[in-house]
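Here is how the chains run, residue by residue.
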Amino acid sequence: ADAAAKMAILATIAFGSRVTLADVAYEGIEEIVPSHIRAADEMGMVVRLIGAATLVDGAYDVRVQPALVDRHHPLAAVEGAFNAVMLQGDAIREIMLEGPGAGGIETASAVVADMVSIVGTTGTGFLQDDAAWRTLERLEPGRLEAPFYLRIEVDDRAGVLAHVAERLAAHGVSVARLVQHQLGGGAALHVVTHRAPTGAVNAALAEIEALPESQGRPTRLAVVSDRGVP
């Protein structure tokens, strides 16, 4: 919830439209298991909790979720109590700020800075400098595009991988990388896709989960690998 609140504030400032905590989709790391971390390592990635605010065709999407980050991406190097904010835009290309995310002195400094800002608006009104100057709509969740990591548990027998690939292809989702781990009674497929709409990936996963050879609900995580703005 703390990261989600930070993303609501950052998105409000970045997009000029009021974003509240209720507008942020967020999930924690409860479903991350050792096999996720192992697969990420084999594919040259690390697992990080990522907050992302995206503006698409005049609509915004703000979310906090575990993601696989390419080891060469600057966000992969952020560890421990440190936070990093990466800004991407047509004019600025890419800017990254990194610093302590918690601590007595750090928090006190931020609180005092806010108090000074409020005191400085005495007589003119604090809301005079409100960052929200327009109203934007939320992006439909299924329209958000990204590369994804998928973990799918299946029976270990001939033809299963082909069935999974068929379901992904039927929804326009193409596979970029694949790692397979043997399990006690089957196999775990670790798939990284090319960019695809969230709705298409979810639809494909629903069909894969319904396959007779599927062993439970698949996992879907976002992938962070690109740098800069084309």
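Residues numbered from 1 in each chain as written. Predicted model: local features only at pLDDT ≥ 70, side-chain atom pairs only at ≥ 80, totals over all residues. Heavy atoms only, no water.

1. Thoughts on the overall build of the protein
Along its length, the protein carries 5 helices and 12 strands. Expressed along its principal axes, the backbone C-alpha trace of the protein runs to roughly 75 × 35 × 30 Å. A buried classification covers 36% of the 230 residues belonging to the protein. Here the contacts in the protein between residues at least 6 apart in sequence split such that 65% fall between residues at least 24 apart. In the structure as shown, the protein presents an accessible area of about 13000 Å², 57% of it carried by carbon and sulfur atoms. Of the side-chain charges in the protein, 18 are positive and 29 negative, and the distance between the mean point of each set is 2 Å. (Helix = DSSP H or I, 4+ residues; strand = E, 2+ residues; numbered from the N terminus. Buried < 20%, exposed > 50% of the residue type's maximum accessible area, 1.4 Å probe, protein only. Contact = heavy atoms within 4.5 Å. Areas by Shrake-Rupley, 256 points an atom, 1.4 Å probe, with all protein chains shown as cover. Lys, Arg positive; Asp, Glu negative; His and termini not counted. Charge placed at Lys NZ, Arg CZ, Asp CG, Glu CD.)

2. Notes on the nonpolar core
Grouped together as the largest cluster of nonpolar side chains are 18 residues, with contacts concentrated most on Leu 150, Ile 152, Val 164, Leu 168, Val 201 and Ile 208. Those elements giving two or more residues to this core turn out to be β8 (148-154), α4 (160-170), β10 (187-193) and α5 (198-209). With 5 residues, α5 is the largest single contributor of residues to this core. Here Val 201 is in contact with Phe 148, Leu 150, Val 173, Ala 196 and Arg 220, once residues within four sequence places are set aside. Residues Met 7, Phe 15, Val 24 and Val 64 belong to the second largest nonpolar core, which totals 11 residues. (Core = buried A, V, L, I, M, F, W, Y, C linked by side-chain atoms within 4.5 Å.)

3. Structural notes on the pattern of salt bridges
Under the definition given, this model contains 12 salt bridges. Arg 157 serves as the salt-bridge partner of Glu 213, at 4.0 Å between the closest nitrogen and oxygen. Note that Glu 213 is positioned in the loop between α5 and β12 (219-224) and Arg 157 in the loop between β8 and α4, a separation of 56 residues in sequence. By relative accessible area, Arg 157 is classed as partly exposed at 47%. Within this structure, Asp 155, Arg 157 and Glu 213 form a network of salt bridges that share partners. (Salt bridge = Lys/Arg side-chain N within 4 Å of Asp/Glu carboxyl O.)

4. Observations regarding the side chain of Asp 70
In this fold, Asp 70 is placed in strand β3 (residues 59-70). No salt bridge forms around the buried Asp 70; measuring N to O, its nearest opposite-charge neighbour Arg 177 is 4.6 Å away. Polar contacts involving the side chain of Asp 70 include one to the main-chain amide nitrogen of His 72, which spans 2.9 Å. Dropping the residues within four chain positions of it, Asp 70 is found in contact with Gly 44, Met 45, Ala 76, Val 224 and Ser 225. (Polar contact = N/O pair within 3.5 Å; in protein donor to acceptor, adjacent residues only side chain to side chain.)

5. Remarks on the environment of Val 85
In this fold, Val 85 is placed in strand β4 (residues 82-89). Between the alpha carbons of Val 85 and Val 64 there is a distance of 13 Å; along the sequence they are 21 residues apart. Among residues more than four places away in sequence, those in contact with Val 85 are Leu 10, Ile 95, Met 96 and Leu 97.

6. A word on the pairing of β4
The sheet contact formed by β4 and strand β5 (residues 93-100) spans 8 bridges and is antiparallel. Following the sheet pairing, Phe 82 is matched in β5 by Pro 100. Between the antiparallel neighbours β4 and β5 lie 3 residues. (Pairing = 2+ DSSP bridges.)

7. A closer look at the confidence of the model for the protein
For the protein, per-residue confidence averages 89 on the pLDDT scale, and 93% of positions sit at 70 or higher. Across the protein, element-level confidence peaks in α5 with a mean pLDDT of 97 and bottoms out in helix α3 (residues 104-119) with 81. (pLDDT = per-residue confidence, 0-100.)

8. Some points on the side chain of Asp 23
Tracing the backbone shows Asp 23 in the loop between α1 (2-15) and β1 (25-26). This buried residue, Asp 23, is left without a salt bridge; Arg 138 holds the nearest opposite charge, at 4.2 Å. Ignoring sequence-local partners within four residues, the contact set of Asp 23 consists of Arg 18, Tyr 60, Val 62 and Arg 138.

9. Section: unusual backbone geometry
The backbone of Asp 57 sits at a positive phi, close to 50 degrees, despite the residue not being glycine. Within the secondary structure layout, Asp 57 lies in the loop between β2 (45-56) and β3. Relative accessible area serves as the criterion here: at 72%, Asp 57 is assigned to the exposed category. Positive phi values are uncommon outside glycine, yet Arg 93 reaches one of about 60 degrees. With respect to the secondary-structure elements, Arg 93 resides in strand β5. Accessibility expressed as a relative area gives 44% for Arg 93, which makes it partly exposed.

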